[in-house]
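Inside the fold
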Amino acid sequence: MICQECGKRPATLHFTKIVNGDKNEFHICENCAREKGEMIPGTSGGFSIHNLLSGLLDFEPSSISAAKSQAIRCENCGLTYSQFSKLGRFGCGSCYQSFSEKLDPLFKRVHGNTVHVGKVPKRSGGIIQCKREIDMLKKDMMTCIEAEEFEQAAKIRDQIRDIEKKIAGL
C-alpha cells in the first residue's frame, strides 16, 4: 500500500483515528507521520513500528546470556540477533529460522501463544471447540501427571470423558 499523503513511499503506519465518533483510517509512511506529528506520547523522534518491535525484542530472558544473543547470526544474510533487535525487521526469509529460539518467547509474550488457532463459528463449530478443549485438557492432565498431582489429573480425565460423551451425542 502506498502512503496516502505523499503517494510515493510505502505506507508503514496504519492506524484508525476516532474523533467525536467519526472514524478515519490512515495509511502513511514514516516520513509523513513525522511531518504530520503522528506520535505516540512519550516517544522521541516520532512513531516507528520498527521502534516498537525493537523495544519488544530487547526482552532478554535471564537463561540466555547477552553474549549468546550476539552470536546468533542468520546463515543466509549474516544479520545478527542484536542487529535484528535494533532494526525490528528481518534481513531475509531465513532469519525467522535462525532466530526462532529467541522469537518463540517473544511471540508467547505478545500473543499469548506460539500457535495460531483462529476463530471457530459458534453455530457450526461446536465439535471443533470441544476437540480443542479436549486437547487443552490433555495438556493440562499431562502437566499434572508430571507434577505428580494425580487427583487433579483424574478430575481432568473425567472432564475429558464427559466432553467425549457430549461429542458422541452430537
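Residues numbered from 1 in each chain as written. Predicted model: local features only at pLDDT ≥ 70, side-chain atom pairs only at ≥ 80, totals over all residues. Heavy atoms only, no water.

Taking an unreviewed UniProt entry as the reference, the chain is identified by name as UVR domain-containing protein belonging to Paenibacillus planticolens.

1. Some points on unusual backbone geometry
One non-glycine residue, Glu148, adopts positive backbone phi at about 60°. For Glu148, the position within the fold is in the loop between helix 7 (126-146) and helix 8 (150-169). On the basis of relative accessible area, Glu148 is assigned to the exposed category, the value being 61%. (Helix = DSSP H or I, 4+ residues; strand = E, 2+ residues; numbered from the N terminus. Buried < 20%, exposed > 50% of the residue type's maximum accessible area, 1.4 Å probe, protein only.)

2. Concerning the UniProt feature "domain: UVR" (unreviewed entry) in the chain
Here, UniProt's "domain: UVR" (unreviewed entry) annotation points to residues 131-166. End C-alpha to end C-alpha, residues 131-166 measures 11 Å, and it is 92% helix and 0% strand. (UniProt positions renumbered as here; feature names shortened; annotations may be inferred.)

3. Considerations on the pairing of strand 1 (residues 13-19)
Relative to strand 2 (residues 22-28), strand 1 runs antiparallel, the two being bridged by 7 bridges. The residue of strand 2 that forms the bridge with Lys17 is Asn24. In this antiparallel pair of consecutive strands, strand 1 and strand 2, the connection spans 2 residues, and Asn20 shows a positive phi of 50°. (Pairing = 2+ DSSP bridges.)

4. Here's the deal with the packing of aromatic side chains
Using the criterion set out here, one finds 3 aromatic pairs in the structure. Taking the centre distance of 6.4 Å and the plane angle of 85° together, the rings of Phe90 and Tyr96 count as edge-to-face. When its relative accessible area of 37% is taken as the criterion, Tyr96 is described as partly exposed. Arranged with centres 6.4 Å apart and planes meeting at 20°, the rings of Phe90 and Phe99 form a pair that is stacked. Note on Phe90: relative accessible area 34%, which makes it partly exposed. On the accessibility criterion, Phe99 (0% relative accessible area) is buried. By the ring-pair criterion, three or more aromatic residues cluster together here, those being Tyr81, Phe90, Tyr96 and Phe99. (Phe/Tyr/Trp six-rings, centres within 6.5 Å; stacked < 30°, edge-to-face > 60°.)

5. Brief notes about a nonpolar patch on the surface
On the surface, a nonpolar cluster with roughly 290 Å² of combined accessible area is contributed by Met142, Ile145 and Phe150. Structurally, the position occupied by Met142 is in helix 7. Classification of Met142 as partly exposed rests on a relative accessible area of 44%. (Patch = residues over 30% accessible without salt bridge, like charges linked within 9 Å, V, L, I, M, F, W, Y side chains within 5 Å. Areas by Shrake-Rupley, 256 points an atom, 1.4 Å probe, with all protein chains shown as cover. Salt bridge = Lys/Arg side-chain N within 4 Å of Asp/Glu carboxyl O.)

6. Details of the environment of Cys32
Looking at where Cys32 falls in the secondary structure, it is placed in helix 1 (residues 30-36). For Cys32, a relative accessible area of 5% puts it in the buried group. Each C-alpha atom of the pair Cys32 and Glu5 lies 6.6 Å from the other, and the pair is 27 residues apart in sequence. In contact with Cys32, other than residues within four places in its own chain, are Cys3, Glu5, Cys6 and Arg9. (Contact = heavy atoms within 4.5 Å.)

7. Side note on the state of the cysteines
Within the structure shown, the criterion is met by 0 disulfides. Here Cys29 stays unpaired: no disulfide links it, and the sulfur of Cys32, its closest cysteine neighbor, is 3.5 Å away. Here Cys74 is not cross-linked by a disulfide; its sulfur's nearest cysteine counterpart is in Cys92, at 3.6 Å. Residue classification places Cys74 among the buried positions, given a relative accessible area of 1%. (Disulfide = S-S within 2.5 Å.)

8. Considering the environment of Ile2
Inspection of the secondary structure puts Ile2 in the segment before strand 1. According to the relative accessible area criterion, Ile2 is partly exposed, its value standing at 47%. For Ile2 and Thr12, which are 10 residues apart along the polypeptide, the C-alpha to C-alpha distance reads 8.7 Å. Setting aside chain neighbours within four positions, we find Ile2 in contact with Gly7, Lys8, Arg9, Pro10, Ala11 and His27.

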